[in-house]
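Fold and contact review
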Amino acid sequence: MSQDTFVSLELRARVALEKHRFKTTHSLGQNFLLSESLIALLLDDAEVCPEDNVLEIGPGAGVMTALLARRAKRVLAVEVDKGLEPVLDDVLAGEDNARVVFSDIMKADIRALVDEYFVGEPYRVVANLPYYITADILLRLTSSDCPPESIAIMVQKEAAERVMSVPGKKQWCALAAELQFYGSARVLTEVAPEAFDPPPHVTSAFIRIDRWSNPPVAPKDEKAFRKLIRAAFAMRRKTLVNNLKPAFGLSQEAAREVVLAAGLDERVRGEALTLEELNRVLDAFLESSCIL
């Protein structure tokens, strides 16, 4: 527990930001959540429990980090902006189970971080992510060799709609396909711009993705399956045959044969395919002489 339970975390964070003359940087996507009551509701939705190890990406001023520390077993926060160090030192004083590492999460060795701090135990991700890395970090986490058990993050409302999209819809995309291969996604709540400091220009959504215990498909080669997903959506409005050709260096006839062997129309487009159909395409690849 923090050193002064009678001072709200929001007040402590605001005082620390002012004391250390910290100014948010737009290019780093710094829109902080400071309201304890709002964050408590988000953590209720995320169902953070005392046995949880939690990886937080972009702790900002540390209010969510401190509240996570009071609910979870261990919290590891990864922050790219070293200028926040004195602020986080002030806000997290007394939260002995919370550690902050100053690193770029897109370059950090996630396996090494979680193995060191969570001693090989399962972990979850809870974060108010900088929006400019939303897709990249979601794909990095879910395709890593140590994926989290669940991910509860703040994203732009439009990004949430993409994640929830389904085959045949305009927003069905490689990101949605890869994330739905990883787990079951749902929107927990929408959050207005005024809840942030400074306010972003968009409405946000807090989403949760729970890793499948039994995935909807079981590809023979997961890495190849993800590569195939990205190829299928590479150029919208093009047929799957025409998307496979440049992605894998195939001739028109070789790509056509793979698509037909998967039981699909040679004119089908990648954005029309389900995960099951994409897995059939992968099987057709693996059974042919083509190399992914």
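Scroll up for the structure.
A brief structural summary. Note that this is a predicted model, so its numbers are computed, not measured. (Residues numbered from 1 in each chain as written. Predicted model: local features only at pLDDT ≥ 70, side-chain atom pairs only at ≥ 80, totals over all residues. Heavy atoms only, no water.)

With that out of the way, let us pick up the nonpolar core. Core analysis: the largest hydrophobic core is formed by 66 residues, its most contacted members being Leu55, Ile57, Tyr123, Leu141, Ile153, Leu240 and Leu244. Considering each element in turn, this core owes the most residues, seven residues, to helix α8 (residues 174-182). Setting aside residues no more than four positions away along its own chain, Tyr123 makes contact with Asn53, Leu55, Ile110, Val114, Phe118, Leu141, Cys146, Pro147, Pro148, Glu149 and Ser150. Of all hydrophobic cores here, the second largest spans 36 residues; its members include Leu33, Val54, Val63 and Ala69. (Core = buried A, V, L, I, M, F, W, Y, C linked by side-chain atoms within 4.5 Å. Buried < 20%, exposed > 50% of the residue type's maximum accessible area, 1.4 Å probe, protein only. Helix = DSSP H or I, 4+ residues; strand = E, 2+ residues; numbered from the N terminus. Contact = heavy atoms within 4.5 Å.)

On to the side chain of Glu178, then. In this fold, Glu178 is placed in helix α8. Not counting residues up to four positions away in its chain, the partners in contact with Glu178 are Leu139, Arg226, Ile229 and Arg230.

All right, on to the pairing of strand β3 (residues 74-79) then. Regular strands place side chains that alternate from one sheet face to the opposite one. Counting buried positions over the six residues of β3 gives six, a clear majority of the element. Burial along β3 is two-sided: Arg74, Leu76 and Val78 facing one way and Val75, Ala77 and Glu79 facing the other are all buried. Looking at chain direction, strand β2 (residues 53-57) and β3 are connected through five bridges and run parallel. By the bridge assignment, Asn53 is partnered in β3 with Arg74. Once you follow β2 into helix α3 (residues 63-71) and on to β3, the crossover reads as right-handed. Pairing analysis gives five bridges linking β3 to strand β4 (residues 98-102), with the strands arranged parallel. For Ala77, the partnering residue across the bridge sits in β4 and is Val100. Where the polypeptide runs from β3 across helix α4 (residues 85-91) and back to β4, its parallel neighbour, the crossover connection is right-handed. (Pairing = 2+ DSSP bridges. Right-handed = clockwise from strand over helix to strand, strands pointing away.)

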